[in-house]
Protein chains: 2
Amino acid sequence: MPVPSVSSRGLSTPASPIRKLAPFAEKAKAEGIKIYLLNIGQPDISTPPEFYQALHGFKEKVLAYNPSQGIDPLRQSLERYYHRNGFEQIQKQDILVTTGGSEAVLFSMMAVASPGEEILTFEPFYPNYNGFAHMAGVHLVPIQTDPETGYRLPSRKTIEEKISSKTRAILICSPNNPTGTILSQSELEQIQSLALKHNLFVLSDEVYREFTFDGKHTGILSFPDLSKHAILMDSLSKRYSLCGARIGCIVSKNAEVMQTVLKFGQARLCPPTLEQTAAAAVVDAGDNYFKEMTREYKKRRDTIYESLTNISGVFCKMPQGAFYLMVTFPVDDIEDFCRWMLTDFHLKKETTMVAPGPGFYRTEGKGKCEARIAYVLNSDDLKKAVHILKEGLSVYNKKALGSS
Amino acid sequence: MPVPSVSSRGLSTPASPIRKLAPFAEKAKAEGIKIYLLNIGQPDISTPPEFYQALHGFKEKVLAYNPSQGIDPLRQSLERYYHRNGFEQIQKQDILVTTGGSEAVLFSMMAVASPGEEILTFEPFYPNYNGFAHMAGVHLVPIQTDPETGYRLPSRKTIEEKISSKTRAILICSPNNPTGTILSQSELEQIQSLALKHNLFVLSDEVYREFTFDGKHTGILSFPDLSKHAILMDSLSKRYSLCGARIGCIVSKNAEVMQTVLKFGQARLCPPTLEQTAAAAVVDAGDNYFKEMTREYKKRRDTIYESLTNISGVFCKMPQGAFYLMVTFPVDDIEDFCRWMLTDFHLKKETTMVAPGPGFYRTEGKGKCEARIAYVLNSDDLKKAVHILKEGLSVYNKKALGSS
């Protein structure tokens, strides 16, 4: 009997490269190996007590639908948060609450581009952009950045060459996942100038806003001339260690954009009620929580950078923000090395897991010597994890030498 | 300065027709009018205590990401639920937890159809199917059913005429929102036969499974020959009065479909952690909860049907399930009448709100005399609400007569 095949959209959507090594990790764990997980961006910091307090205070008899744009207390608390960040033009009606930053990205892409149209972005990039683009039928056009420059934006000419009649937006991420790079004022001015010249939207992912260790993070909402072009995609997940709550938002002063994402929001009815209620309490509790968290991550950043640069043949620049960095390793095939670390190597029953570089690129063949490291463990564990990487590299490369 | 326009996808996505009259309702409320809300499917039944107990027992220090396919305890409890419903072939790996039934519909559409491809469905239908189809770039092709037949499926020939080379699936909903019709065994066999002949998927929305008052509900998973064609889209929202929790699922024995929806699921990371934990406890508590709920809704169904058929010129057939029915009113323009009930009419400071029919049709000009009624209030309130409709109709039609 013939069986219908899934859509070409479904076939072409990539599996999560970050989760690809999971089966090997499970097997290692089952064999009693402890794994330092530097492969995913799951912070280990406690969720604020205000969240659980508000959650346990929820007393509605019926857990009902809520407004598609999000509940009022949360939107008001977000308005105040953006004001504290210097974006005083943002009002409640410029904010749509989404089910995680994930939904903010999907809705934003759908709002600006129809199937077959293009969105430019800079690679390496957060792999799920690619997943959402496939789901939306949108073509994500990568523009290369390089380890040697610390993944700074390329020249205006290089970016402009990629703009076609189908281009609808430029997608940026700062502080960057996976590179930890923060876009400078002049880089953002370049983006602004191109967006205005070619009448493009700018989709800006700033979920790591507070994870800024050196210098200053400039948000897309700081550019008044881009007021109608800018769409901010935000999330509470990292900032308040609320990854499992699935609360994010879209912010824009473009009323047509907000009407459009509201229509998408109406189709899915509403984000989860309980988490919105509890998240509002967290945002209202103010900014002290993530100030402390940022101090802790700066310490971790310094630790991991120092440890990594002590390994012969390893290259990375000091990341400025987020809690990731891309590291170039002295190997030919990073996927093989990362898998080998799980299947064939351990140091006193411990090993380290990182995310292979190719998953962060769309261009075939790129990222083969790079890996993303998420420094989401305390400094002592980070030191151990990097030491294991160092020992692993040494054994792996000797083995390669021996077999050649 | 030129401003970029949203995508044609965004422009063409319809606003929720169910929420269109909301501003008039708000105004009436502000003027002190009490409104009986029969326009939306928000049950008034208390959420099960097991849900809140499990919620308050959640003690994780970090509210973390969870697996993209859903947490194990919930998938296991759902497996047991489907077994209790006679679908013993369903195993945990055939179930992907989604963020509400909404995401189950969006993911299923995307998994079976690429942009530009077609999915057949029967109108009137749940309006958000249309929203999701626009978001996915998929063309929803409506096949008409009629009030006179109680919205039964049309002939095989009528359905088959709509199948083109672009058709990828037939979408059905039983018990039906908005009509309350339950597909018979022979109607489902017709669908099966067409799906097998033309190698189409069958997307089956059965979120009202337990709301079956007369006869028996037959699920798509009861057809072994359709095992690889069937995709069940389900939700806990109505069954357990958990609308705000946003927990649903996709169920299929087609491994390629499950791999595809998992890839979509990986892009959005995971459904909300807390609600999954609490929902697992509810599903495990067994089926007594919704048995009682179904008894209550049967009583309401009987009440509303009797009250409505007492109004001169009003037509409806006895609905068999869900908690909706489509009613034909003796008016020319139901949208005008529904709005007028909010802006110009009240009976002792009370009025009634229902959902105008055209929003449930894709075909232009259809549904102009129909409205959907959600009988989500207790029987006494339903009697009052229908009495107000009756009085309103009388005044509205006298006024029309006077002005003609």
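See the structure printed just above.
Not measured: the values here are computed from a predicted model.

### With respect to the interface of chain A and chain B
- Each side of the interface is counted separately: chain A has 67 residues, and chain B has 66 residues.
- Among the secondary structure elements, those contributing two or more residues to the side of chain A that touches chain B are helix H1 (8-12), helix H5 (100-112), helix H6 (128-136), helix H9 (255-267) and helix H10 (273-284) of chain A.
- When grouped by side-chain class, the residues that make up the side of chain A that touches chain B number 28 nonpolar, 26 polar and 13 charged.

### What to know about the relation of the copies chain A and chain B
- For the pair chain A and chain B, the best superposition has an RMSD of 0.0 Å and corresponds to a rotation of 180° with a translation of 0.0 Å parallel to the axis. Here the copies are linked by what is in effect a two-fold axis.

### Section: the sheet that holds strand E9 (residues 324-328) of chain A
Residues and elements named next belong to chain A.
- Here three strands make up an open sheet; going across it, the order is E9-E12-E11 and the pairing antiparallel. Of all strands in the sheet, those bounded by a partner on one side alone are E9 and strand E11 (355-356).
- Strand direction decides the pairing type here: E9 and strand E12 (residues 370-374), joined by five bridges, are antiparallel. The residue of E12 that forms the bridge with Tyr324 is Ala374.

### Things to note about the pairing of strand E12 (residues 370-374) of chain B
Residue and element names in this part refer to chain B.
- Among the five residues in E12, five count as buried, and that is most of the element.
- Burial along E12 is two-sided: the face carrying Glu370, Arg372 and Ala374 and the face carrying Ala371 and Ile373 are both buried.
- Inspection of the sheet shows strand E11 (residues 355-356) paired to E12 by two bridges, in the antiparallel sense. Bridge pairing in E12 places Ala355 opposite Arg372.

### Comments concerning the packing of helix H3 (residues 49-56) of chain A against H10(A)
All names here are of chain A.
- Orientation of H3 relative to H10, taken along the N-to-C sense of each, is 135°, at an axis distance of 8 Å. When the axes of H3 and H10 are compared, the pair comes out oblique. In terms of crossing hand, the pair formed by H3 and H10 is right-handed. Counting all contacts with H3, which are made through Glu50, Phe51, Gln53, Ala54 and Leu55, the residues of H10 involved are Leu274, Thr277, Ala278, Ala279, Ala281 and Val282.
- Partitioned by chemical class, the residues of the contact of H3 with H10 number eight nonpolar, two polar and one charged.

### Let's talk about unusual backbone geometry
Residues and elements named next belong to chain A.
- Backbone torsion omega between Asn177 and Pro178 reads 20°, so that peptide bond is classified as cis.
- Counting through the fold element by element, Pro178 comes out in the loop between strand E5 (167-173) and helix H8 (185-198).
- A positive phi angle, near 60°, is found at Tyr151, a position not held by glycine.
- Its identity is not glycine, yet Arg246 carries a phi of approximately 60°, on the positive side.
- Mapped onto the secondary structure, Arg246 falls in the loop between strand E7 (230-235) and strand E8 (247-251).

Analysis parameters
Residues numbered from 1 in each chain as written. Chains lettered and ligands numbered in written order. Predicted model: local features only at pLDDT ≥ 70, side-chain atom pairs only at ≥ 80, totals over all residues. Contact = placed C-beta atoms within 7 Å. Helix = DSSP H or I, 4+ residues; strand = E, 2+ residues; numbered from the N terminus. Nonpolar A, V, L, I, M, F, W, Y, C, P; charged D, E, K, R; others polar. Least-squares fit on C-alpha atoms with pLDDT ≥ 70 in both. Pairing = 2+ DSSP bridges. Buried ≥ 20, exposed ≤ 12 C-beta atoms within 10 Å, placed from the backbone. Axes fitted to C-alpha atoms, helices over the stretch in contact; angles between N-to-C directions. Parallel < 35°, antiparallel > 145°, perpendicular 65-115°, else oblique. Left-handed = near helix turned anticlockwise from the far one by under 90°.

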